[in-house]
Amino acid sequence: MHTKEDILKALEQVQDPEIHKSIVELGMVKNLEVIEDKVTFTLNLTTIKCTLKQSMAKNAEEILKKIGIKSVVINFAEMTQKEKEAIGMGGPHVLPKGEIKNIIAIGSGKGGVGKSTVVTNLAIALVKQGQKVGVLDADVLGPNIPVMFNTNQHPVGDDKYIIPIEKYGVKIISIGVLTQGTNEPIVWRGPMISNAIQQLYTMTKWGELDFLLIDLPPGTSDAMLTVGQSLPLNYGLVVTMPAKVSTDDATRFYKTFEKLEVPVMGIIENMSFFKAPDTGTVYPIFGEGGGTIMAKNMNAPLLAQIPIDQKVSSCGNEQAPVVIADPTSFAAEHFMKLAKEIIQK
Ligand SMILES: Nc1ncnc2c1ncn2[C@@H]1O[C@H](COP(=O)(O)OP(=O)(O)OP(=O)(O)O)[C@@H](O)[C@H]1O
Ligand SMILES: [Mg+2]
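Only a predicted model underlies this, so the values are computations on that prediction, with no experimental measurement involved.

**Examining unusual backbone geometry**
Phase 1: Even without glycine at this site, Asn 150 takes up a positive phi of about 60°.
Phase 2: Along the chain, the position of Asn 150 falls in the loop between helix 5 (145-148) and strand 8 (156-157).
Phase 3: You will see that Glu 261, though not glycine, has its phi angle at about 60°, which is positive.
Phase 4: With respect to the element layout, Glu 261 can be found in the loop between helix 9 (244-259) and strand 14 (264-270).

**Things to note about the site of ligand 1**
Phase 1: The full set close to ligand 1 counts 22 residues, and Gly 111, Gly 114, Ser 116, Thr 117 and Ser 313 are the nearest of them.
Phase 2: Here the shell around ligand 1 is composed, by residue class, of eight nonpolar, eleven polar and three charged.

**Considering helix 13 (residues 330-344)**
Phase 1: Helix length check: helix 13, at 15 residues, gives a terminal C-alpha distance of 22 Å against a target of 21 Å (1.5 Å per residue), a fit within 8%.
Phase 2: Contacts from the buried residues of helix 13 go to helix 4 (115-128), strand 14, strand 17 (302-306), helix 11 (310-313) and helix 12 (322-325).

**Considering the nonpolar core**
Phase 1: Among the nonpolar cores identified, the biggest contains 71 residues, and Leu 122, Leu 213, Ile 214 and Val 227 are the most heavily contacted of them.
Phase 2: The residues touching Leu 213, leaving out its near neighbours within four places in the chain, are Ile 104, Ile 106, Val 119, Leu 122, Ala 123, Val 133 and Val 135.
Phase 3: Val 39, Leu 43, Met 56 and Leu 64 belong to the second largest nonpolar core, which has 15 residues in total.

Reading the values: the criteria
- Residues numbered from 1 in each chain as written.
- Chains lettered and ligands numbered in written order.
- Predicted model: local features only at pLDDT ≥ 70, side-chain atom pairs only at ≥ 80, totals over all residues.
- Helix = DSSP H or I, 4+ residues; strand = E, 2+ residues; numbered from the N terminus.
- Near = placed C-beta within 6 Å.
- Nonpolar A, V, L, I, M, F, W, Y, C, P; charged D, E, K, R; others polar.
- Expected span 1.5 Å × (residues − 1).
- Contact = placed C-beta atoms within 7 Å.
- Core = buried A, V, L, I, M, F, W, Y, C linked by C-beta atoms within 7 Å.
- Buried ≥ 20, exposed ≤ 12 C-beta atoms within 10 Å, placed from the backbone.

Shape descriptors only; they carry no functional weight alone.
In structure tokens, the structure reads:
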């Protein structure tokens, strides 16, 4: 004859693989019933979407069978916010959204695939289509947004708020506009990066916005986790190049968005091909099809395939972004189409 105490003692051997503590200690065993050699209980999870719940349940079942239990029934439930907080899994506080309608974070697995370029041209393309747009540069260690927007304005503010600078109709805030002129490297640890991003977001007087685009640094970084967990994101966008090395990293990055429960709006393939302006011949400089394959594998839309264009790369070299400098160009058309698609979504 087993008592509840016997069962709990046995279940102490089962650990939550992420928190590394016993499920009993974490208070995850609820509604325990023992009737002769039959045991029923509820496994109270930190998230019902926990991908490891089946393996925890299997582990528990095996342990109970070893002590002579014949039948084990385990139900799943999710902890209340209070219960999560009690074991330090309350999650970071999600900041308020204010008057911003849509917040979209743009990231990639690899560096240099064109996130900042996409953010800049997409923001301006959205403005051209009548939207109120802001850009938050979350790449606090390597802020490129001021250069991309070809600006050296300083924001004004008081001890409470920063008024974002405005260029081409876009409201912009970046560590780069706050530290301008110094060009000193910023050497910060994770918590400082997280604080800086949260402060840039909360202290900026954004006013009413249809879209706030967030330019992420490459890969899964402290910045990305902060943005994904503590900013009230509506969507993520993943930028990739067509080559397999880039799509592999982008796929990993995509999955991080999923883990953070940020819905991914779609994939943007950048530097997809080069179309010779004289002959019109198309050259797939960085390979072909990566974005299409990735979109299929992830079951997400491929929102754009942006060509390689010298007019795009001139942006950041004291020239206006292509959607301003050459609005009828092939590349600018692609950015305008992308903006249209995003507005529709
Ligand atoms: N479609 C394009 N055609 C030509 N050049 C491009 C295109 N997209 C981006 N570039 C150029 O590629 C370089 C990298 O782009 P960008 O800085 O936007 O990438 P990133 O992903 O933001 O990089 P990081 O990971 O360092 O933040 C820049 O010099 C940019 O001008
Ligand atoms: Mg960048």
